[in-house]
Every structure is written in structure tokens, then in C-alpha cells.
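Close look at the chain arrangement
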Amino acid sequence: MKLQKGLFDVLLLAMLWGPSFLFIKIAVDDIAPITMAALRVCIGVLLLYTVLKLRNIRLWEHRKLWFCCFVIGIFVNGIPWISFNFSLQSIPSSLSALINGTTPVLTIILANIFLKDEQLTWTRGIGAIVGLAGFGVLFLPAVFSAMQGTNTGLDAQGMLLSFIGSGSFAVGWVYMRKKLPPVLPLVAPVIQLFSSLIYLIPLAFIFESPIAMIQSASWLSWVGVLGLSLFGTAGALIVIYRIIERQGATAVSTATYLLPVFATILGVVFLKETVDMQFCIAAVLIVGGVLIINGAISLPFLKRAKEET
């Protein structure tokens with residue numbers, strides 16, 4: 001039953017996250033990246049805080065959590081959400097989602113360094129190499145093309161921004177597992193979002209024109225922002241904290257190998273995005289690497305080596 005509940009949580013998280021890239025893509029033309037991140041946090045925190053009030057949970061009694069949640073918010077909300085917003089200005093939603101699939105690979109590497117109960121084995125190490133090779137299949141040709149003076153420089157930049165966002169997620173989840181004490185459900189996500197507003201709102205006003213964007217944004221862009229806030233923020237954070245508590249940092253990141261499936265289907269259907277052979281090869285490597293990390297794919301030569309020793 002525990003395994004079934006864990007699998008359900010991972011599937012639910014993937015379904016909540018999957019449409020996020022579609023929502024960002026349809027909103028990013030009208031609403032700039034930092035402003036979109038700030039709006040996402042504002043709406044998401046209002047939704048979650050309303051739930052807390054209905055449950056009569058007092059947020060301000062947990063003052064000791066604020067610094068921890070502030071740090072988590074930087075790496076799980078601020079850096080990745082802004083990075084993905086910028087990246088989707090120049091690359092397809094399906095490509096950004098696929099690169100986000102490297103998050104479990106980066107998480108297991110960091111978990112090996114900072115968490116005693118999630119050590120890197122030979123199997124996980126090979127899985128990490130395979131997953132990173134998948135990103136290389138996407139990123140390196142774009143870099144070489146940009147160096148030759150072709151028009152794919154923005155593609156390389158967009159992919160790098162998505163990779164930075166994925167790495168930031170990994171840092172945040174490992175820190176969350178290591179530092180976050182047991183707390184009532186929803187309390188940590190709400191504090192995390194509230195603390196993110198401390199820097200997102202000023203940054204939006206310094207570098208962008210949020211008031212003008214809000215006034216001129218189309219109804220479709222608002223659909224994107226609202227969907228992003230409801231599903232990819234409020235809903236996803238609730239599930240993330242539940243998985244972290246029950247299964248650990250690596251488990252929560254495994255939802256990202258299902259995320260590209262949902263995001264690619266949505267991108268092809270609604271945005272008319274195309275999938276080429278390079279994308280498919282990268283997808284096989286990234287998803288395959290994550291499956292190896294989680295033991296879903298066995299490596300016979302490692303078993304033989306262990307038997308021989």
C-alpha cells in the first residue's frame with residue numbers, strides 16, 4: 001500500500017507540473033518572466049493561505065521556519081521559475097520540460113554529497129551519466145551552431161536556462177530534506193511562497209513594468225497565469241511536501257521523468273510543436289538515466305561484476 005501511495009503521489013505531481021510549460025509558453029509573450037513568477041506566487045499563496053485559514057491553522061506561530069523556507073523559496077521558486085520563464089521565450093515548451101527531466105540526475109548527485117541516507121551507488125552513477133548525456137545531445141549541437149555564427153544561439157541560451165532551473169530545483173529539494181523540520185501540512189509551502197514575494201515583487205518593479213503588463217495582458221495569458229498558479233504552484237507544492245516527507249528528495253524529483261511526457265503531448269496538441277530524432281534520442285537517454293537511478297532498469301554487467309567480486 002505504501003508503494004501504491006508513493007506511485008500515486010509521483011503521478012499526481014507529474015500531472016500537475018506537466019501543463020506548467022504550456023501555461024508559461026502561452027503567457028510569456030504578454031507577461032515578462034519576473035512579473036509572471038511574482039504573479040504565480042501571489043495567486044498561489046492566496047489559494048494556500050485560504051486553505052490554512054479554513055483549517056484554522058495559524059501561520060505566524062511558526063516563525064522559526066521562515067529562514068529555512070526563505071532559502072527553499074530561492075531555489076525552488078525564485079531561480080527556477082524565472083529561468084524557465086526566460087528559457088521559454090526562445091525554446092519550445094516540450095524541450096524545456098525534457099531538460100527539466102535532468103532534475104533527478106542532479107538531485108541524486110547532490111544528495112550523495114549532502115544526505116547520508118541517499119548515497120551514490122554504481123548503478124545511480126551510471127544513470128546520472130546517461131541522463132546528463134541526454135542533455136548533451138540537445139545542448140552541444142546548439143552551442144557548436146552558435147559558435148559557427150548560425151541563428152541557434154538563443155536556443156542554446158534557452159536550454160542552458162532550463163538546465164540552470166533544473167539544477168536549482170535539485171539544490172532546493174536536497175536542502176528541504178536536510179533542513180526542514182516536521183511541520184503541519186501546507187504551513188511550509190505558504191511560508192515558502194510568502195518569503196519569495198520579499199524579492200520577486202521588488203525585482204519585477206526594478207527590471208520590468210508589471211502594472212502595464214497586467215493591464216494589457218490578453219485573456220489567454222491570464223489563463224496561463226491562473227493555470228500555472230493553481231496547478232503548477234498551489235497543487236504541486238502540496239504534493240511535493242508530502243512526497244519529501246514520505247519518500248525523500250530523490251523520490252520527489254522522479255516525477256520529472258513523467259513530466260516531459262505530459263508536456264510534450266500538450267505542446268504538440270495545443271502549440272503545434274514538433275518532435276525530431278534529436279529530441280527522441282535525448283528523451284530516451286534522460287528518461288533512461290532516471291529509470292536506472294531508480295532501479296526500474298537493471299544493469300546485468302554490474303550484477304555480474306558484484307558476483308565475481
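Per chain, residue numbering runs from 1 following the sequence as it is written. The model is predicted, so local features are restricted to residues of pLDDT at least 70 and side-chain atom pairs to those at 80 or more, both for listing and for counting; the totals for chains, interfaces and linings are taken over all residues. Values reported for side chains reflect all heavy atoms of the structure, with hydrogen atoms and water molecules removed beforehand.

**Quick notes on the packing of aromatic side chains**
Convention followed: Pairs were defined over the aromatic rings of Phe, Tyr and Trp, the Trp ring being its six-membered one, requiring ring centres within 6.5 Å. Orientation was assigned from the angle between planes: stacked under 30 degrees, edge-to-face over 60, tilted for the rest. Starting at the N terminus, helices and strands are each numbered in turn, a helix being any DSSP run of H or I of at least four residues and a strand any DSSP run of E of at least two. Summary of the burial criterion: residues with accessible area below 20% of their type's maximum are buried, those above 50% are exposed, and those between are partly exposed, where the area comes from a 1.4 Å probe applied to protein chains only. The rule for a charge over a ring is simple: NZ of Lys or CZ of Arg within 6 Å of the ring centre, and within 35 degrees of the ring normal.
Under the counting rule described, the total for this entry stands at 10 aromatic pairs. For the pair Tyr 49 and Phe 194, a centre-to-centre distance of 5.7 Å together with 80 degrees between the ring planes defines the contact as edge-to-face. Remark: Phe 194 occurs in helix 9 (residues 187–207) and Tyr 49 occurs in helix 3 (residues 33–54); sequence separation between them is 145 residues. Its relative accessible area of 23% is what places Tyr 49 among the partly exposed residues. For Phe 194, a relative accessible area of 24% translates into the label partly exposed. By the ring-pair criterion, three or more aromatic residues cluster together here, those being Trp 17, Phe 21, Phe 84, Phe 169 and Trp 173. Looking at Arg 40, its charged tip hangs above the ring of Trp 81, at a distance of 3.7 Å from the centre.

**Concerning the nonpolar core**
Under the convention used in this document: Throughout, nonpolar core names a set of buried Ala, Val, Leu, Ile, Met, Phe, Trp, Tyr and Cys residues whose side chains join them through atoms within 4.5 Å.
Counting residues in hydrophobic clusters, the biggest one holds 63 residues, and the most contacted among them are Met 36, Met 176, Leu 180 and Ile 240. Sorting the residues of this core by element identifies helix 1 (2–17), helix 2 (20–27), helix 3, helix 4 (66–87), helix 8 (153–179), helix 9, helix 11 (219–246) and helix 13 (259–271) as the ones contributing at least two each. By residue number, the principal contributor to this core is helix 11, which donates 10 residues. Ile 91, Phe 135, Phe 163 and Ala 170 belong to the second largest nonpolar core, which has 17 residues in total.

**What to know about the confidence of the model for the protein chain**
What counts is decided by this rule: pLDDT is a residue-level measure of predictor confidence that goes from 0 to 100.
Predicted confidence across the protein chain gives a mean pLDDT of 86, with 90% of residues reaching 70 or more. Mean pLDDT values for the elements of the protein chain range from 53 in helix 15 (residues 300–308) up to 96 in helix 2.

**Examining unusual backbone geometry**
Unusually for a residue other than glycine, Asn 56 sits at a positive phi of about 60 degrees. Note that Asn 56 resides in the loop between helix 3 and helix 4. The backbone of Lys 272 shows a phi angle near 60 degrees, a positive value even though the residue is not glycine. If you trace the backbone, Lys 272 turns up in the loop between helix 13 and helix 14 (277–293).

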